[in-house]
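# Structure assessment
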Amino acid sequence: MEDKYIMKELKFSLYAIKKNIQNSAELRTSFLMNVVGMAINNISFIILWGFFVKSVGIIGGWTVADIVGLQGFVALCFGIVFSAGDGIRRLADYAASGSFDRFMLSPKNLLVRIATASFGTSALGDMVFGIVCLVIYASLLHASILQILLMVLLVFIAVVVFFSAAVVIYSTTFYFTDASGTVGGFFELFLSPALFHGGAFQGVMRFIFTFLVPSLLIGTLPVEIVRDLSFKKLLMVSVLAIIWFLLSIKLFYRAVRKYESTNFMTFGN
Amino acid sequence: MKKILKKIRLPIKIIKTQIREHFYYGFRLVASMMTTIARCGILLILYWYVYRLNNGVINGTTFLFAAWSIFFYFAFLTLQLRTIAKLIMQDVQSGNVEILFSKPISYLSYRMWWQVGSGIYYFLVTTTLGVIALAFLIGFPTTMKIGVFIPTLILTFFCGCILSLFIYSIVGLFSFWVEDINPIYWIVDKMIMILGGSFLPIALFPALMYKISLFSPFGAANMVTHTVYESWRTNWYQLVGVQLFWIILLGLITYFMFKKAKEKVSVNGG
């Protein structure tokens, strides 16, 4: 019975994502410009941190190749979560405009319905960029089969962490009157450190951005796990991913209870 | 005199209204501070650690200079001048531009003043708190204590504001011809981020990149990050000259683009 329900929800979310992609692809020029533009945009982080390594030298064992891997992991996570589940990012707008009501009335799973309500075209550019970076990283690392398999597994784990963190952050929407900017600030606090040079995070900073804010779980730690074949870190990241996932679901439904409709008679918009 | 007062009445009104609105929504200030802490605060801690590993000196520069340079970049960012590009695009896409064109004010100057007004409150609060925190934690470098520092800082800051408004207005004006300006915006924004000295302070730039930063409009928009270094004392008039050159050139481009854009719009009323 439970399996049937999950399959039904999964089928629905895939159908919604497919329709969203078809919808975005209708505006072909804009679609392609967004994808290519975002991929070019991301290169800037590699340039910056590449020059950083050149000027400062190797810190914490991190080379330019590791920076490429880091940007690959983070961009791919961002791309996967915010292309298919762009609706999460719009939660503040949905709540402020009252259009959140239509999700509440939907017979489908609330979180799946919200996440798949919108498609982030530019995030496809992040995905492409992320995949290219990881392929380059694997070749620079002369990765073994085990390392490649680890990379695939870690992308999955990092996506779970990224999705969970996004759900937790955007759920705070329901606690503020004017949430858009505030939630954006919280998200920045999570994402910015994930893009920084991983080797420079040591001591207290590493602890904070691993256990309290899961920024290092989506890029820095996966890179170190692949590079050093550290199964101890893999176990830690996996356990933290499960904890964050369960916590995010719980916090989301608790936060939704705070929602008060501000419907402007825009049902269906 | 009366004419001047009439001219500045609208900008003052716009800025006042914006400050009042942003003052009312206290959480927006928290969000702005959070963003600055996420980007600048964490970056400074990382650099502190990296400088310590390198015995306090990298490329002949100490952490004190690098920290103030990075801080100036992020303080300037809190003005949010870059948002003007997105607002122009929204106006064009929503058709709001038709209504604004029919008003007895210049659309572009209205948008510019609006942008200045919407960021000034965050800028003042964040910068004041940031300066106090940095002064308390790491102190001021000697270059910030010389007489020429404050006047040239203010001068280059204003030039940077005007230049940024022109750059991002040009990006925004593209929306009269291009369906979605976001890809152009990202590329220009990242050029400014790289050449302005954000995550990598200009003291750590390789020679060629440093030259590009000095003479491109993207680097010139953030010349404020150069003010803390020793070279500023002797070079400032050259660097402000570069800023003025770009202001004139990009000002003309903005003017002609806006003129062409106005010709493209047909107001149908209704």
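Note that the structure is a prediction, hence the values are computed from the model and not measured.

### Quick word on the overall build of chain A
Across its full length, chain A carries 12 helices and 0 strands. Along chain A, helices (α) and strands (β) appear in the sequence α-α-α-α-α-α-α-α-α-α-α-α when read from the amino end. The globule rule puts the C-alpha radius of gyration for 269 residues at 18 Å, and the 19 Å found for chain A is close to it. In terms of its C-alpha atoms, chain A occupies a principal-axis envelope of roughly 60 × 40 × 40 Å. Counting across all 269 residues of chain A, residues that qualify as buried make up 47%. A fraction of 80% describes how many contacts in chain A between residues 6 or more apart in sequence connect residues 24 or more apart.

### With respect to the overall build of chain B
Check the secondary structure of chain B and you find 11 helices and 2 strands. Mapped in sequence order, the helices and strands of chain B form the string α-α-β-β-α-α-α-α-α-α-α-α-α. Taken against the 2.2 N^0.38 rule, which gives 18 Å for 270 residues, the C-alpha radius of gyration of chain B at 20 Å falls within 12% of a compact globule. Across its three principal directions, the C-alpha atoms of chain B cover 70 × 40 × 40 Å. The buried share among the 270 residues of chain B stands at 43%. For chain B, the proportion of contacts with a sequence separation of at least 24, taken over those separated by at least 6, is 82%.

### Quick look at the interface of chain A and chain B
Taken together, the contacts link 35 residues of chain A with 33 residues of chain B. Elements supplying a minimum of two residues to the side of chain A that touches chain B: α2 (28-56) and α9 (179-195) of chain A. When residues in the side of chain A that touches chain B are grouped by element, the largest group, 16 residues, is from α2(A). Per-class residue counts for the side of chain A that touches chain B are 18 nonpolar, 15 polar and 2 charged.

### Topic: the environment of S261(A)
Residues and elements named next belong to chain A. Examined against the element boundaries, S261 turns out to sit in the segment after α12 (231-256). Judged by the 10 C-beta atoms lying within 10 Å of it, S261 is exposed. When the C-alpha positions of S261 and F100 are compared, they lie 7.8 Å apart, and in sequence the two are 161 residues distant. Filtering out sequence-adjacent residues up to four positions away, S261 remains in contact with G98 and D101.

### Things to note about the nonpolar core
Residues and elements named next belong to chain A. C77, A158, V161 and F162 are the most contacted members of the largest nonpolar core, which has 153 residues in total. With 16 residues, helix α8 (residues 145-171) is the largest single contributor of residues to this core. Once residues within four sequence positions are removed from consideration, V161 is found in contact with P214, L217, I218, A241 and W244.

### Some points on the packing of helix α3 (residues 64-84) of chain A against helix α11 (residues 220-228) of chain A
Residues and elements named next belong to chain A. Packing of α3 against α11 brings their axes to within 8 Å, and their N-to-C directions diverge by 130°. With respect to α11, the axis of α3 lies oblique. You can see that α3 and α11 cross each other, and the crossing is right-handed. Between α3 and α11, the contacting residues are D66, G69, L70 and F73 on the first element and T220, P222, V223, V226 and R227 on the second. Tallied by class, residues from the contact of α3 with α11 come to 5 nonpolar, 2 polar and 2 charged.

### Regarding the packing of helix α1 (residues 2-24) of chain B against helix α6 (residues 107-137) of chain B
Residue and element names in this part refer to chain B. At a minimum axis separation of 8 Å, α1 and α6 run at an interaxial angle of 40°. The pairing of α1 with α6 is recorded here as oblique in orientation. Regarding α1 and α6, the two cross each other, and that crossing is right-handed. Residue-level contacts link P11, I14, I15, Q18, I19, H22 and F23 of α1 to W113, W114, V116, G117, S118, I120, Y121 and Y122 of α6.

### What about unusual backbone geometry?
Within the chain, H142(A) stands out as a residue other than glycine whose phi angle is a positive 50°. With respect to the secondary-structure elements, H142(A) resides in the loop between α7 (121-141) and α8. Here the phi dihedral of N59(B) falls at roughly 50°; this positive angle occurs in a residue that is not glycine. Looking at the element boundaries, N59(B) is found in the loop between β1 (57-58) and β2 (61-62).

### So, the environment of V132(A)
Position of V132(A) among the secondary structure elements: in helix α7. Overall, V132(A) belongs to the partly exposed group, with 17 C-beta atoms counted inside 10 Å.

### Re the confidence of the model for chain B
Mean pLDDT over chain B works out to 88, with 98% of the residues at or above the 70 mark. Mean pLDDT values for the elements of chain B range from 80 in α1(B) up to 94 in helix α7 (residues 149-173) of chain B.

Calculation notes
- Residues numbered from 1 in each chain as written.
- Chains lettered and ligands numbered in written order.
- Predicted model: local features only at pLDDT ≥ 70, side-chain atom pairs only at ≥ 80, totals over all residues.
- Helix = DSSP H or I, 4+ residues; strand = E, 2+ residues; numbered from the N terminus.
- Rg over C-alpha atoms; globule rule 2.2 N^0.38 Å.
- Buried ≥ 20, exposed ≤ 12 C-beta atoms within 10 Å, placed from the backbone.
- Contact = placed C-beta atoms within 7 Å.
- Nonpolar A, V, L, I, M, F, W, Y, C, P; charged D, E, K, R; others polar.
- Core = buried A, V, L, I, M, F, W, Y, C linked by C-beta atoms within 7 Å.
- Axes fitted to C-alpha atoms, helices over the stretch in contact; angles between N-to-C directions.
- Parallel < 35°, antiparallel > 145°, perpendicular 65-115°, else oblique.
- Left-handed = near helix turned anticlockwise from the far one by under 90°.
- pLDDT = per-residue confidence, 0-100.

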